[in-house]
Amino acid sequence: MIFARSAAMAFNRYLDRSFDAKNPRTAIREIPAGIIKSNNALFFVIACCLLFIGCTFLINKICFYLSPVALFVILFYSYTKRFTALCHLVLGVGLSLAPIGSYLAVTGTFALLPVLFSFAVIFWVSGFDIIYALQDEEFDKTNNLYSIPSVLGKFKALRVSELLHLFSACCVIYAGFYGGFGTSYWIGIAVFIGMLIYQHSIIKANDLSRVNIAFMTANGIASVVFAVFVLFDLFINK
């Protein structure tokens, strides 16, 4: 996970370095600011990819065979903003590989339950990435980049984000029933859904002053608290 995520994020910064340099919001990032050389960032990406594949080899055959697929998805995302407003969903797909990959690493088999969690991640990540992209609506239009906000505008983009988060909530609720989870799981779901509602309550099309609270703080709390309650539920019901 560490190597895959590091490779994906570094590649995104490497590929977008020219756009980041033009955008006042991102010009302070390490590559456009000259703190990290672009070639060094690319070397870091390659090293992380190789280490990721090496780790999967040590886990089991199915993880090793699928490792190039995982890398393709998470690295391909960095190109998508150049040709489709559905880039947010591609990012969601990249992160959604985590539940399935984790299950494969432990069991070596496919199952429906991790797929349900993966769909929850797709909709959750896509929804909050749209909120984050609201900040760059005008920049994306000017530089021929695609995003839901640049195509639909801030107001409609927020409605799409809300719909995606509704789908995410439905997925974790269904997973709770399907997986036969106990009380702790449902407490975790209540916190997770509460954080989804909260982030939409503080973001308005004409007021993006609290985007970082919604994007980072609310989603950070939602994911960590939900994970803790799921683990606790599994522990007490094993």
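All figures in this text were calculated on a predicted structure; none of them were measured in a lab. Residue indices follow the written sequence of each chain, beginning from 1 at its first position. This being a predicted model, a pLDDT of at least 70 is required before a residue's local features are given, and a value of 80 or more before pairs of side-chain atoms are given or counted; all residues contribute to the totals for chains, interfaces and linings. Values shown for side chains rest on all heavy atoms present in the structure; no hydrogens or waters enter the calculation.

(A) Region of the structure containing the overall build of the protein. The helix and strand inventory of the protein stands at 11 helices and 0 strands. N-terminal to C-terminal, the α/β element order of the protein is α-α-α-α-α-α-α-α-α-α-α. For 238 residues, the compact-globule estimate of 2.2 N^0.38 gives 18 Å, and the C-alpha radius of gyration of the protein, at 19 Å, lies within 12% of that figure. Its C-alpha atoms put the protein at 55 × 45 × 25 Å along the principal axes. A burial count over the protein gives 44% of its 238 residues as buried. Look at the contacts in the protein between residues 6 or more apart in sequence, and 66% of them connect residues 24 or more apart. For the protein, the computed accessible surface area is about 12,700 Å², with 72% contributed by carbon and sulfur atoms. A run of H or I in DSSP becomes a helix once it reaches four residues, and a run of E becomes a strand once it reaches two; helices and strands are each numbered from the N terminus. For a compact globule the rule gives 2.2 Å times the number of residues to the power 0.38, and the radius of gyration it is set against comes from C-alpha atoms. Here the term buried applies to any residue with accessible area under 20% of the maximum for its type, exposed to any over 50%, and partly exposed to those in between, with areas from a 1.4 Å probe on protein chains only. In what follows, residue pairs with any heavy atoms lying within 4.5 Å of each other are defined as contacts. Note on areas: these come from Shrake-Rupley sampling with a 1.4 Å probe, and a residue is covered only by the protein chains present in the view.

(B) The state of the cysteines, seen in detail. Cysteine sulfur atoms are paired as a disulfide whenever they fall within 2.5 Å. For the structure shown, the criterion picks out 0 disulfides. C48 provides the cysteine sulfur closest to C55, a residue in no disulfide bond, and the two sulfurs are 10 Å apart.

(C) Quick peek at the nonpolar core. Throughout this description, the term nonpolar core refers to a set of buried Ala, Val, Leu, Ile, Met, Phe, Trp, Tyr and Cys residues connected via side-chain atoms within 4.5 Å. Core analysis: the largest hydrophobic core is formed by 40 residues, its most contacted members being V172, Y185, F192, I203 and F226. Listed by contribution, the elements that provide at least two residues to this core are α5 (87-107), α6 (112-133), α9 (154-178), α10 (183-201) and α11 (211-236). Among the elements that take part in this core, α6 stands out by supplying 12 residues, more than any other. Once residues within four sequence positions are removed from consideration, F192 is found in contact with W124, S168, V172, A222 and F226. Listed in part, the 17 residues of the second largest apolar core include F11, L15, F52 and L71.

(D) Representation of α9 in the model. By definition here, a helix of n residues has an expected span of 1.5 Å times n minus one. Under the 1.5 Å per step criterion, the end-to-end length of α9 is 36 Å for 25 residues, consistent within 8% with the ideal 36 Å. Taken as a whole, α9 has its buried residues at A157, L158, S161, L164, H165, S168, A169, C171, V172, A175 and G176. The inward-facing, buried residues of α9 contact α5, α6, α8 (148-152), α10 and α11.

(E) Seen up close, unusual backbone geometry. At N144, a residue that is not glycine, the phi angle is positive and equals roughly 55°. With respect to the helices and strands, N144 occurs in the loop between α7 (137-142) and α8.

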